[in-house]
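# Structural description and commentary
Read off the chains here:
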Protein chains: 2
Amino acid sequence: MTTPILAASRRTRRTPFSARVEAAGVKGYTVYNHMLLATSFRSVEEDYWHLKRHVQVWDVGCERQVEIVGSDAARLVQSMTPRDLSKAQIGQCLYAPLIDEAALMINDPVILKLAPDRFWLSIADTDVELWAKGLAYAGKLQARITEPDVWPLAVQGPKADDLMARVLGDKVASIGYFRFATLAFKRHPLIVARTGWSRQGGFEIYLDDWALGEKLWDALMDAGDDLDVGPGCPNLIERIESGLLSFGNDVTRANNPLEAGLERFCHLNRAVDCMGRRALEEIAAKGPARRVRGIRFNAQAVPGCVLPWPVKAKRKPIGHVTSAAFSPQLKCGIAFALLDRDHWEAGLAVTIETPEGPRPGTVADLPLIPPGR
Amino acid sequence: MTTPILAASRRTRRTPFSARVEAAGVKGYTVYNHMLLATSFRSVEEDYWHLKRHVQVWDVGCERQVEIVGSDAARLVQSMTPRDLSKAQIGQCLYAPLIDEAALMINDPVILKLAPDRFWLSIADTDVELWAKGLAYAGKLQARITEPDVWPLAVQGPKADDLMARVLGDKVASIGYFRFATLAFKRHPLIVARTGWSRQGGFEIYLDDWALGEKLWDALMDAGDDLDVGPGCPNLIERIESGLLSFGNDVTRANNPLEAGLERFCHLNRAVDCMGRRALEEIAAKGPARRVRGIRFNAQAVPGCVLPWPVKAKRKPIGHVTSAAFSPQLKCGIAFALLDRDHWEAGLAVTIETPEGPRPGTVADLPLIPPGR
């Protein structure tokens, strides 16, 4: 089996932090929103333990912002998601599934409300800019849609509060969960949110000046020596344990948000004016036909899941695994699987057809490990 | 300097040919339209010589098709491009820049006209499906937009006609340049076009059945032993020599089609009803402020261009290089560069600031080497 390198070009865009990521010895890359994203530094398992015990700095510049601004901006953003945004406050971060007219998922961004008429959609890996531009242009809406020069840097792990306070001041502590504030770094104002793609606690810093990138990275690394700060990235093991679905992996354009278990972000009982509402109501009335669930299975080592693995119960196909890893904490294989109704109850015995042979497993509720454990 | 592997997951989608690509020893991958694309097998230079002398089979499954079908399909497709499609024929492949309301590039697909009300846009690396869907939904158009299960396989090189005839029959010879026909492989009808992302001649086969992927790959490899057939992929050196721009590398969302040198596909003298027309007319009236040009420069070896390299003339900045390679045929460095007006004439002496130091060079017309040489 070959392990091809990522052949970089301008099209797989670099971030203001890429030179530091490479100097830190990045071992794996992926491409996300046409931009580089690290996948491991030491090994996925070593990175995992470090993330759960210490604090890491993550180049998540690939979380591109789609800025929507104008007198119709609020209406446009609401039209894109079944989450009720009518009471959203400035300073709030709102995780929101975006759906099309058939209620199929387009993306699942965190929406930052910057002003009544100005939003950032911090997106997963599809070109939401083009989707929003198409809707605005053909719908003749007063909304300007751009991808601004903003590259998030995440600080994640149990010591994230300590490290952030040292670099950005004590005000960091007052930022509530899924809230953001504007703090100064070298007199430059930066949006800082208590968000991030792990369940170990932490922040995302929305850097908007390329020239400050390495200075910000270095300041965090220099200030955290005694905290054992290190480079990191979204971690496959931690995200599966914590129930963090990945758009493109566990949920795709073929799924609706109820299949993804996102019903708490679908406010069908309120007067939300969004596209796909009728389709979503029909799905909700019947109940989704399949759903993303957890699985624990017998394994000592788990290969990467690059094509869905069939899942069977009593020898009949009931769905497929979309992401899998070995959990050092649970000491077994863990996975996300899209499972058919009547076969997703916790405790059901299943067989996973991995590339290395069948493995016995059990359906489990998400998250597999509660936050912070 | 690290050379990170590409960490694969389901999100970086595989193709029906991926297992064969990996068995053939792919050395580099990139990600294109959320899908794997090989970048080298032996080395970029060895692949180059082989492509120019023999015939290669390329997994270009990442050239995703955006299917647009319905009574408003023709109107929608025309609204997306300044190329006049009014006389397009069924069976024709039309290279067409897609632009937004400001005449900035969205993508540069090859459009296949399958029927009066049915088109495939064989796209470069942006989510044109979302763009078209947004336009159709908000514009209340009768057009269904999907990404069908179609994965192109290219056969490129001077011996491509011979190889294709052996596998798909003599009718291959009658397919005109940028035309397609439906041919049978194992009784399964497949669209076959005389197109491809090299200037060495060849075809693209639009496979629409995953299960046939490895059979088609194997049939081509088995039939071409005496033709020295081998695995290949779009080749950086050949495409720069041949003047084949890459969207995302040499042309981006920040460029208009006149900057990209695509004026022959912008029919402003005809009654084309497309968005961005007024903006494009204004740019055409003034003339573009910058343009993609060729450069030849002194170098024995050329590193990859992952961030634009400044280009200077008489010590003043006049633009930047976006792709570069060493040309074994010209025995010098070759590059695409976006150069400012008044500094793009062929023969102008320039200096390129490469990561390995300044290099003297000369502006040149595209293509740097005529087709087939």
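Cut-offs applied
- Residues numbered from 1 in each chain as written.
- Chains lettered and ligands numbered in written order.
- Predicted model: local features only at pLDDT ≥ 70, side-chain atom pairs only at ≥ 80, totals over all residues.
- Heavy atoms only, no water.
- Helix = DSSP H or I, 4+ residues; strand = E, 2+ residues; numbered from the N terminus.
- Rg over C-alpha atoms; globule rule 2.2 N^0.38 Å.
- Buried < 20%, exposed > 50% of the residue type's maximum accessible area, 1.4 Å probe, protein only.
- Contact = heavy atoms within 4.5 Å.
- Areas by Shrake-Rupley, 256 points an atom, 1.4 Å probe, with all protein chains shown as cover.
- Pairing = 2+ DSSP bridges.
- Axes fitted to C-alpha atoms, helices over the stretch in contact; angles between N-to-C directions.
- Least-squares fit on C-alpha atoms with pLDDT ≥ 70 in both.
- Buried area = accessible area lost by both parts, 1.4 Å probe.
- Salt bridge = Lys/Arg side-chain N within 4 Å of Asp/Glu carboxyl O.
- Polar contact = N/O pair within 3.5 Å; in protein donor to acceptor, adjacent residues only side chain to side chain.
- Core = buried A, V, L, I, M, F, W, Y, C linked by side-chain atoms within 4.5 Å.
- Phe/Tyr/Trp six-rings, centres within 6.5 Å; stacked < 30°, edge-to-face > 60°.

Turning our eyes to something else, we now look at the overall build of chain A. Scanning chain A from terminus to terminus reveals eight helices and 22 strands. The globule rule puts the C-alpha radius of gyration for 373 residues at 21 Å, and the 21 Å found for chain A is close to it. Taken across its 373 residues, chain A has 61% of its residues classed as buried. Nonlocal contacts in chain A, meaning residues at least 24 apart in sequence, comprise 66% of its contacts between residues at least 6 apart. As presented, chain A carries roughly 14,700 Å² of accessible surface, and 50% of it is formed by carbon and sulfur atoms.

It is worth spelling out the sheet that holds strand 16 (residues 229-232) of chain A at this point. Residues and elements named next belong to chain A. Across the sheet, which stays open at both edges, the six strands sit in the order 13-14-15-12-4-16 with mixed pairing between neighbours. A strand with exactly one partner marks an edge of an open sheet, and here the two such strands are strand 13 (180-185) and strand 16. On average, each strand axis in the sheet is tilted by 30 degrees relative to the strand beside it, whichever way the strands run. Its contacts with the sheet place helix 2 (residues 44-53) against strand 4 (55-59), strand 12 (151-156) and strand 16, and it is angled at close to 120 degrees to strand 4. Where helix 6 (residues 213-223) meets the sheet, its contacts fall on strand 4, strand 12, strand 13, strand 14 (188-193), strand 15 (202-207) and strand 16, and the angle it forms with strand 16 comes to roughly 135 degrees.

Of the transformation placing chain B onto chain A, the axial shift is 0.0 Å and the rotation is 180 degrees, giving an RMSD of 0.0 Å. The superposition of one copy onto the other is thereby described by a two-fold rotation axis. In this assembly, 100% of the residues forming the interface of chain B have copies in chain A that are likewise at the interface, indicating an isologous arrangement.

On to the interface of chain B and chain A, then. Tallying the contact residues gives 52 residues for chain B and 52 residues for chain A. Contact with chain A buries area across many residues of chain B, yet Arg 10, Arg 11 and Leu 130 of chain B alone supply 18% of it, more than any other trio. Our count for the contact surface shared by chain B and chain A stands at eight salt bridges. Between Glu 101 of chain A and Lys 133 of chain B there is a salt bridge, with the nearest N and O atoms lying 3.2 Å from each other. Run the count over chain B and chain A and you get 31 residue pairs in polar contact (both at pLDDT 80 or more). Mapped by element, the contributors of at least two residues to the side of chain B that touches chain A are strand 1 (5-6), strand 2 (28-32), helix 4 (128-138) and strand 19 (316-327) of chain B.

One finds Leu 220 of chain A together with Leu 220 of chain B to be the most contacted residues of the largest nonpolar core, which totals 163 residues. Once residues within four sequence positions are removed from consideration, Leu 220 of chain A is found in contact with Val 57, Leu 153, Val 155, Leu 163, Met 164, Val 167, Ile 205 and Val 229 of chain A. Listed in part, the 54 residues of the second largest apolar core include Leu 76 and Trp 131 of chain A together with Ile 111 and Ala 143 of chain B.

This part covers the pairing of strand 19 (residues 316-327) of chain A. The side chains of a regular strand alternate between the sheet's two faces. All names here are of chain A. Here five bridges tie strand 18 (residues 309-313) to strand 19, and the two strands are oriented antiparallel to one another. From the neighbouring strand, Pro 310 faces strand 19, where its bridge partner is His 320. Remark: two residues form the turn of the hairpin made by strand 18 and strand 19, two consecutive strands paired antiparallel; Lys 314 in that turn has positive phi of roughly 50 degrees. Linking strand 19 to strand 20 (residues 332-340), which pair antiparallel, is a turn of four residues; within it Lys 331 sits at a positive phi near 55 degrees.

As a further point, take unusual backbone geometry. Looking along the chain, the bond that leaves Leu 366 of chain A and enters Pro 367 of chain A is cis, with omega of -5 degrees. Checked against the element boundaries, Pro 367 of chain A lands in the segment after strand 22 (357-364). Not every positive phi belongs to a glycine, and Lys 140 of chain B is a case in point at roughly 55 degrees. Among the structural elements, Lys 140 of chain B can be located in the loop between helix 4 and strand 11 (144-146). According to the relative accessible area criterion, Lys 140 of chain B is exposed, its value standing at 70%. Here the phi dihedral of Lys 186 of chain B falls at roughly 50 degrees; this positive angle occurs in a residue that is not glycine.

Residue and element names in this part refer to chain A. This structure, assessed with the given rule, holds ten aromatic pairs over all chains. Look at Tyr 95 and Phe 265: their rings are 5.1 Å apart centre to centre, the planes differ by 70 degrees, and that puts the pair in the edge-to-face class. Taken together, the residues Tyr 95 in strand 6 (residues 93-95) and Phe 265 in the loop between helix 7 (236-242) and helix 8 (277-286) connect sequence positions 170 residues apart. Per residue, the accessibility class of Tyr 95 equals that of Phe 265, and both read buried. Ring geometry for Trp 151 and Trp 210: centres 5.2 Å apart, planes at 85 degrees, overall edge-to-face.

Residue and element names in this part refer to chain A. Examined against the element boundaries, Thr 81 turns out to sit in the loop between helix 3 (73-80) and strand 6. Among the polar contacts listed, one links the side chain of Thr 81 to the backbone nitrogen of Arg 83, at a separation of 3.1 Å. If near-sequence neighbours (up to four positions away) are discounted, Thr 81 is found in contact with Ala 96, Pro 97, Leu 98, Val 272 and Cys 274.

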